[in-house]
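Each chain, written out:
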Amino acid sequence: DSIRVFYSPIDGTVTRIYTQQFEVALKQDPIMAIHKNNPMFIKAYFSQEDLNYFKVGDQVDIEFPDKSKSKALIRRFYYTTYQLPEEFQKRYEPVTRTIAADIYPVDTAEYAHWRAFYRLGVSITKYKY
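Student: Give me the overall build of the protein chain: which residues, what numbers.
Tutor: Scanning the protein chain for helices and strands turns up 1 helix and 7 strands. Starting at the N terminus and ending at the C terminus, the protein chain contains elements arranged as β-β-β-β-β-β-α-β. A compact globule built from 129 residues would reach a C-alpha radius of gyration of about 14 Å, whereas the protein chain, at 18 Å, exceeds it by more than 25%. For the protein chain, the spread of C-alpha atoms along the principal axes amounts to about 65 × 40 × 25 Å. Here the analysis covers contacts within the protein chain between residues at least 6 apart in sequence; of these, 57% occur between residues at least 24 apart. When the accessible area of the protein chain is evaluated, it comes to approximately 10500 Å², of which 52% is carbon and sulfur surface. Charge centroids of the protein chain, computed over 18 positive and 16 negative side chains, lie 3 Å from each other.

Have a look at this one:
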């Protein structure tokens, strides 16, 4: 047997493999997750009712698990609803549908700080002005 190498058309790190070797996957089935670490951003999930309080360009405060803080900007909303990722979904409750947003650091100096908390939950707050 010769070794076959396949190159991904995008740069990134494989973070999850959904299928096993020799397992059949249909065209629409995800087989792996690849994390692109540049640009770095937070995918935030808001309840549909909260959309009245947020807009693109809003500055928000981020609190990391070690209690350190950062400033960030909402750059994009996805105006369709998404299932809340399973790690945030409460077991045995109906699936929660949310609005997703991309939140980026206010400047490049924050990127190094954000890298330390890759794939961890953060708290996002915005104060009313």
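Next comes the rest of the account.
Student: A description of the environment of Glu-86 should follow, citing residues and the corresponding values.
Tutor: Position of Glu-86 among the secondary structure elements: in the loop between β5 (69-83) and β6 (97-105). Take Glu-86: its relative accessible area is 62%, and that puts it in the exposed class. Sequence separation of Glu-86 and Pro-39 is 47 residues, and the distance between their C-alpha atoms is 24 Å.

Student: Explain the packing of aromatic side chains to me, and be specific about the residues and the numbers.
Tutor: Under the definition given, this model contains 4 aromatic pairs. Centroid distance Phe-41 to Tyr-104: 5.2 Å. Interplanar angle 25°. Geometry classified as stacked. Here the residue Phe-41 occupies a position in the loop between β2 (32-35) and β3 (42-46), and Tyr-104 occupies one in strand β6, the gap between them amounting to 63 residues. Residue Tyr-104 is classed as buried on the basis of its relative accessible area, which comes to 11%. Aromatic pair Phe-64 and Trp-114: ring centres 6.2 Å apart, planes at 70°, arrangement edge-to-face. You can see Phe-64 sitting in the loop between β4 (59-63) and β5 and its partner Trp-114 sitting in helix α1 (residues 111-115), a full 50 residues away along the chain. Here the aromatic cluster, defined as three or more aromatic residues joined through ring pairs, consists of Phe-46, Phe-54 and Phe-77. Looking at Arg-75, its charged tip hangs above the ring of Tyr-104, at a distance of 4.1 Å from the centre. Residue placement shows Lys-126 over the ring face of Phe-54; its charged tip is 5.6 Å from the ring centre.

Analysis parameters
- Residues numbered from 1 in each chain as written.
- Predicted model: local features only at pLDDT ≥ 70, side-chain atom pairs only at ≥ 80, totals over all residues.
- Heavy atoms only, no water.
- Helix = DSSP H or I, 4+ residues; strand = E, 2+ residues; numbered from the N terminus.
- Rg over C-alpha atoms; globule rule 2.2 N^0.38 Å.
- Contact = heavy atoms within 4.5 Å.
- Areas by Shrake-Rupley, 256 points an atom, 1.4 Å probe, with all protein chains shown as cover.
- Lys, Arg positive; Asp, Glu negative; His and termini not counted.
- Charge placed at Lys NZ, Arg CZ, Asp CG, Glu CD.
- Buried < 20%, exposed > 50% of the residue type's maximum accessible area, 1.4 Å probe, protein only.
- Phe/Tyr/Trp six-rings, centres within 6.5 Å; stacked < 30°, edge-to-face > 60°.
- Lys NZ or Arg CZ within 6 Å of the ring centre and 35° of its normal.

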